[in-house]
Amino acid sequence: MNKENQKMTGMTIFLHWLIGLSIITLIAVGLYMSENEVWDLYPIHKSIGIILFVFILYRVIRRLIRGWPEPVSQYAKHEIVLSKIIHWVLLIGTLMFPISGMMMSGAGGHGIAVFGFELLASNYNAAGEAIALNPTLAEVGHETHEILGTVMMIAIALHIIGAWKHHLVDKDNTLKRMLGK
Ligand code: HEM
Ligand code: HEM
């Protein structure tokens, strides 16, 4: 049974905007810091990503238990299918981002830390270079993290266009409901 029909719960709205806006910011910061080799931003990007992981995990479990919110009214079948696919991509993508990031950093020997609090020790040699604990796992994490960047930017763009289409063309309650109105 779906517990969210015409109204979204406060928790759904809180998690949507906390995670949604943080993901957009972390994608921008991730691309900027890796393109321009801004090393000071790396620990901040990672720490915020790991903290966000806790909320993401809670949201995914909650969504799996409660099911998806019902659409606010009747739409064409293709529209419902497309929005379902995008919601799944967004949900799985948000989960895979921190997991692949921790794989890349942890298995790559850089350690995993939240604002200096070490969760997994780093593995640096005397010259200060990171020695991978598992190079394959680190590489898979790195590749996944990069591919997610592109996939999620496309999914988020389509998602935002969809939200505005509901608001401006269909003139329905889809966006208002997610804003708590
Ligand atoms: C939770 C949300 C996260 C998002 C949305 C995110 C997003 C991104 C993006 C888009 C990039 C640029 C990738 C590219 O080079 O094209 C990036 C880079 C990076 N991210 Fe994340 N990230 C997240 C979490 C994490 C976490 C938890 C870690 C590690 C603990 C991490 C570690 C890194 C590292 C090390 C890079 C730089 C890779 C390089 O220099 O090539 N990220 N991130
Ligand atoms: C900043 C611009 C965004 C806007 C305007 C927006 C708007 C919306 C709206 C109106 C809904 C409700 C759809 C419905 O009732 O069927 C929704 C749901 C959803 N959005 Fe967004 N969204 C944004 C960003 C994001 C981002 C960045 C993500 C993920 C990375 C995301 C993930 C989701 C998910 C998974 C749902 C399904 C409901 C839920 O599980 O919370 N959204 N969004």
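Take the site of ligand 1 next. Taken together, 21 residues are adjacent to ligand 1, and Ser 34, Tyr 42, His 45, His 142 and His 145 come closest. A distance of 3.2 Å separates an oxygen atom of ligand 1 from a polar atom in the side chain of Ser 34. Tyr 42 has a polar side-chain atom sitting 2.6 Å from an oxygen atom of ligand 1. Of all the elements, helix H1 (residues 10–36) adds the most residues to the shell around ligand 1, at seven residues.

Each protein donor to the iron atom of ligand 2 is listed here as His 16 (NE2) and His 159 (NE2); together their distances run 2.0 Å. Viewed at the metal, the six donor atoms of the iron atom of ligand 2 are separated by angles of 86 to 179°, and the geometry they form is octahedral. Of this pair, His 16 sits in helix H1 while His 159 sits in helix H4 (residues 135–169), and the two are 143 residues apart along the sequence. Looking at His 16, the relative accessible area reads 15%, which means it is buried.

Moving on, we get to the pattern of salt bridges. Two side chains that carry opposite charge are able to pair once their charged atoms sit near each other. Summed over all chains, the structure comprises two salt bridges. Among the salt bridges present, the one from Glu 79 reaches Lys 165, with a minimum N-O distance of 3.0 Å. Placement of Glu 79 in helix H3 (residues 77–107) and of Lys 165 in helix H4 is noted, with a sequence separation of 86 residues between them. Asp 170 is paired through a salt bridge with Lys 165; the nearest N and O atoms lie 2.9 Å apart. Taking relative accessible area as the criterion, Asp 170 reaches 28% and is therefore assigned partly exposed. By relative accessible area, Lys 165 is classed as partly exposed at 29%.

What counts, and at which threshold
Residues numbered from 1 in each chain as written. Chains lettered and ligands numbered in written order. Predicted model: local features only at pLDDT ≥ 70, side-chain atom pairs only at ≥ 80, totals over all residues. Heavy atoms only, no water. Near = heavy atom within 4 Å. Polar contact = N/O pair within 3.5 Å; in protein donor to acceptor, adjacent residues only side chain to side chain. Helix = DSSP H or I, 4+ residues; strand = E, 2+ residues; numbered from the N terminus. Donors = N, O, S within 2.8 Å, 3.2 Å for Na, K, Ca; no water. Tetrahedral: all angles 85-135°; square planar, octahedral: opposite > 155°, others 65-115°. Buried < 20%, exposed > 50% of the residue type's maximum accessible area, 1.4 Å probe, protein only. Salt bridge = Lys/Arg side-chain N within 4 Å of Asp/Glu carboxyl O.

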